[in-house]
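Chain by chain, the residues run as shown.
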Amino acid sequence: MIRTLEQLLEGVVGGIVTQLNNLLPPLIVAVFLFAVFFVAAVLVRWFLTKAVKGARMDRFLKEMGLSNMLADRGDVHTTPLVAGAAFWMILLVGALIGLSLFNTQLTTRMVEATVFLFPKLVTAGLIMLAGAWLAQFLSRSVLVWTHNEELPAPRRWAAATKVMVMFIAVVAASEVLGFAPHVFFAAFVIVGSGAVLAASLAMGLGGRDAVRRYLESREAAKLDREDEKSLWNHL
Amino acid sequence: MLTGFPRPLQRRKLVKVAVPKNTKQIQSMPAEARQVVDEIRHADIVVGIPSYNNSKTIGHVVRAAHAGLAKYFPSYNGIIINSDGGSKDGTPEVVTQTPMQDSQLLLLNTPMKPVNRLSFPYHGIPGKGSAFRMIFQMASMLDAKACVVVDSDLRSITPEWFDLLIRPVLEGGFDFVAPYYHRHKYDGTITNSIVYPLTRCLYGQRLRQPIGGDFGMSQPLLNRYLERDDWETDVARFGIDIWMTTIAVAEGFKVCQSFLGAKLHDAKDPGADLSAMLQQVTSSVFLLMREYENTWRGRTGSEPAALFGFRYDVGLDPINVNLDRMLTAFRKGAEDLGDVWKLALRPDTLAEVKELARTAKPGDFHLDDELWVRIVYEFACTAKSSRLERATLLKSITPLYLGRVASFVVETAEMGAAEVEHRIERLCLKFEELKPYLINIWFGETPAAAAPPQSSAPGAEQPEQMEV
Ligand SMILES: Nc1nc2c(ncn2[C@@H]2O[C@H](COP(=O)(O)OP(=O)(O)O)[C@@H](O)[C@H]2O)c(=O)[nH]1
Ligand SMILES: [Mg+2]
């Protein structure tokens with residue numbers, strides 16, 4: 001009786017032990033590894049914060065108008081950004097290596113997916129960032145230009161520019177991610193050709209008159225300003 | 001031409017040695033100009049006249065120059081150089097064919113040296129600055145003691161102007177002679193509302209017409225200009241005047257002004273785009289501000305610059321302004337351009353501007369001095385740090401500027417010249433008073449600088465830092 005019990009217990013414990021024998025070492029190693037990577041990440045972040053003089057980069061970001069986009073008051077500091085990125089990168093690598101130690105199907109697939117997807121995610125992110133930056137830059141130029149040219153509705157022109165550029169960026173990013181590329185591309189074509197069609201229809205259906213009238217009134221305004229301007233020297 | 005002039009040969013050699021060091025300078029000079037320089041070799045005084053389609057007026061200017069040199073500087077070698085920007089109306093022909101009617105002057109002042117008249121097209125970016133560059137190069141190679149430039153659209157220029165612009169250089173030891181004119185109260189509003197107060201407050205010299213366009217210069221100053229490599233920026237266009245003046249005052253050259261009477265000149269080309277002009281001028285001012293930040297940081301207050309000439313009052317052409325149109329522009333700007341303005345203006349400044357635009361009425365419109373100064377300072381600081389969007393940013397100033405002009409027009413509607421001058425003086429003092437605020441936001445030392453200081457006692461005089 002006791003023997004059977006013993007055997008049963010042994011069986012259970014043995015099962016657990018073998019399971020543990022299979023899983024425990026990788027878990028311990030993984031936790032240990034992760035801890036090491038964590039310490040390394042903290043150290044690297046600390047080191048980068050001290051060592052990277054981001055002043056130049058800060059100025060570059062500011063000169064290119066990127067800081068204004070990333071933060072509302074335009075105070076972006078490169079050093080914490082770089083240090084933070086390095087910190088998270090190291091942690092991620094640590095986690096991936098730890099996961100791969102388990103060598104099960106699930107973990108392997110997770111690791112593979114991350115390694116495979118990561119560059120694409122970064123690329124897509126960069127495309128979106130560049131798109132946002134370009135959209136902002138172009139829309140502001142368009143705003144000031146249309147305003148100075150006294151075209152009607154400058155803000156709408158600017159908004160349209162922004163939407164167009166952002167849309168192109170989204171299409172490009174989805175292309176990189178392989179995420180429903182055809183849907184986006186088709187939408188792009190439809191929207192673009194729709195806009196052209198609408199514009200040409202408007203021009204055909206009496207819109208042309210409106211445009212001409214508008215241009216004429218602008219000419220008149222200009223002429224009537226000339227007599228004043230001629231007496232007006234700003235410099 | 002050089003006969004009887006006791007100029008030692010080695011001096012001329014020195015010039016020839018000195019010039020090739022800047023090969024870029026020479027390359028940008030037209031071959032015919034170089035040939036003439038080789039032939040003439042030396043001139044004491046160079047009169048430079050930039051022109052672009054000025055055939056109607058340039059004859060008068062050339063005659064005045066000729067008479068001025070003959071009457072006031074008979075014993076000097078003078079040369080008149082016209083640098084033409086490709087006029088289509090025969091301006092160069094007028095220059096070389098203008099009959100000299102002032103022969104009685106020649107009789108009065110013997111012996112008289114021939115005055116050369118030359119007319120060249122120049123190379124480089126079209127614009128007044130490029131024209132000046134060629135004139136300066138020639139003056140420098142000719143080893144001229146003094147160089148004077150005058151606009152070719154001047155109708156009120158007289159021979160005395162040349163005496164007034166040249167003599168301080170030749171006999172007074174000055175390096176830079178700025179003009180001083182009587183102008184209508186609404187004439188020169190960029191000068192009165194931005195350029196004069198700002199340059200005065202930054203560099204501490206009260207040059208009333210820093211962008212007048214008619215200047216006298218010494219050779220050292222010319223050489224300094226030629227050394228620089230920013231000729232192909234906005235300086236090449238309307239920025240040239242402020243560029244010349246700023247370098248002279250910032251680098252400690254000896255500056256003065258000469259009273260020239262009235263400035264009557266041709267109307268601006270009606271097609272000329274105000275926002276482009278404003279952008280060129282402000283971007284030149286702001287870029288130089290960056291270059292000389294260590295210079296102006298240490299200067300407080302301002303001192304009057306010596307003024308030569310006999311001051312008298314002159315009648316001026318009336319100027320009509322359309323207040324409604326300016327206010328509309330201001331209001332529309334506030335509606336449209338908030339997105340761009342917020343890059344430059346701090347939130348409280350922007351809020352004030354918007355509130356003002358919302359309540360603007362022609363009768364009692366008033367854009368406060370202090371608000372205006374803050375606007376200018378904040379734009380200057382943003383222009384410094386946003387290289388890419390600088391042009392867009394500076395082109396968006398126009399409605400703000402028109403708002404300020406509108407306010408000035410309302411305020412000075414009933415005022416005479418002296419009162420208006422007083423009013424401008426008050427604005428200048430406001431600029432000087434708020435200079436600590438500028439220093440704060442420019443150098444970004446105190447993060448708490450967001451609120452402009454209400455008043456500030458003039459601090460102890462700091463030593464000037466001249467290294468740049
Ligand atoms: N060579 C040349 N001269 C120019 C050009 N633009 C202006 N100028 C000359 O510069 C002077 C001043 O120009 P103006 O338009 O009268 O400017 P303002 O009097 O300062 O408002 C005049 O003598 C013009 O002929 C240019 O593109 N090329
Ligand atoms: Mg003029």
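None of the values given here were measured: they were computed from a predicted structure.

Procedures and definitions
- Residues numbered from 1 in each chain as written.
- Chains lettered and ligands numbered in written order.
- Predicted model: local features only at pLDDT ≥ 70, side-chain atom pairs only at ≥ 80, totals over all residues.
- Heavy atoms only, no water.
- Buried < 20%, exposed > 50% of the residue type's maximum accessible area, 1.4 Å probe, protein only.
- Helix = DSSP H or I, 4+ residues; strand = E, 2+ residues; numbered from the N terminus.
- Arc of directions from axis to C-beta.
- Polar contact = N/O pair within 3.5 Å; in protein donor to acceptor, adjacent residues only side chain to side chain.
- Axes fitted to C-alpha atoms, helices over the stretch in contact; angles between N-to-C directions.
- Parallel < 35°, antiparallel > 145°, perpendicular 65-115°, else oblique.
- Left-handed = near helix turned anticlockwise from the far one by under 90°.
- Contact = heavy atoms within 4.5 Å.
- Nonpolar A, V, L, I, M, F, W, Y, C, P; charged D, E, K, R; others polar.
- Donors = N, O, S within 2.8 Å, 3.2 Å for Na, K, Ca; no water.
- Phe/Tyr/Trp six-rings, centres within 6.5 Å; stacked < 30°, edge-to-face > 60°.
- Lys NZ or Arg CZ within 6 Å of the ring centre and 35° of its normal.

Trainee: Could you clarify how one ought to interpret helix 3 (residues 31–40) of chain B in this entry?
Mentor: Residues lying three or four places apart along an α-helix face the same way, a consequence of the helix completing one turn every 3.6 residues. Residues and elements named next belong to chain B. Buried within helix 3 we find Ala33, Val36, Val37 and Ile40. Seen end-on, helix 3 carries its buried residues on one side only, within an arc spanning 100°. For helix 3, the exposed residues lying more than 90 degrees away from the buried face are Ala31 and Glu39. Positive phi shows up at Arg41, right after helix 3, with a value of about 70°.

Trainee: I would appreciate a short explanation of the side chain of B:Ser83 in the present structure.
Mentor: Within the secondary structure layout, B:Ser83 lies in strand 2 (residues 78–84). Of note is the side chain of B:Ser83, whose polar atom sits 3.2 Å from the backbone oxygen of B:Ala131.

Trainee: It is not clear to me how the packing of helix 14 (residues 323–336) of chain B against helix 16 (residues 347–358) of chain B should be interpreted in this structure. Could you clarify?
Mentor: All names here are of chain B. Across the interface, helix 14 lies against helix 16 with an axial gap of 9 Å and an inter-helix angle of 130°. Compared by their axis directions, helix 14 and helix 16 come out oblique. Helix-helix and strand crossings are classified by hand; for helix 14 and helix 16 the assignment is left-handed. Here Phe330, Arg331 and Ala334 of helix 14 lie close against helix 16, whose contacting residues are Val353, Lys354, Leu356 and Ala357. Each residue belonging to the contact of helix 14 with helix 16 can be placed in one class, and the counts come to five nonpolar, no polar and two charged.

Trainee: Is there a simple way to think about the coordination of the magnesium ion (ligand 2) in this case?
Mentor: Geometry sets the ideal angles at a metal, namely 109.5 degrees for four tetrahedral donors and 90 or 180 degrees for six octahedral donors. Bound to the magnesium ion (ligand 2) on the protein side are B:Asp153 (OD) and B:His265 (ND1), at distances that span 2.1 to 2.2 Å. On the criterion of sequence distance, the pair formed by B:Asp153 in the loop between strand 4 (146–149) and helix 8 (159–170) and B:His265 in the loop between strand 8 (255–262) and helix 12 (274–291) is long-range, its members being 112 residues apart.

Trainee: When you look at the packing of aromatic side chains in this model, what are you seeing that I'm missing?
Mentor: Centre distance and the angle of the planes are the two values used to describe a pair of aromatic rings. In the structure shown here, the tally under the stated rule is 18 aromatic pairs over all chains. One aromatic cluster is present, built from ring pairs that chain together B:Phe132, B:Phe136, B:Tyr225, B:Trp231 and B:Trp243. Taking NZ or CZ as reference, A:Arg45 lies 4.0 Å from the ring centre of A:Phe87, over its face.

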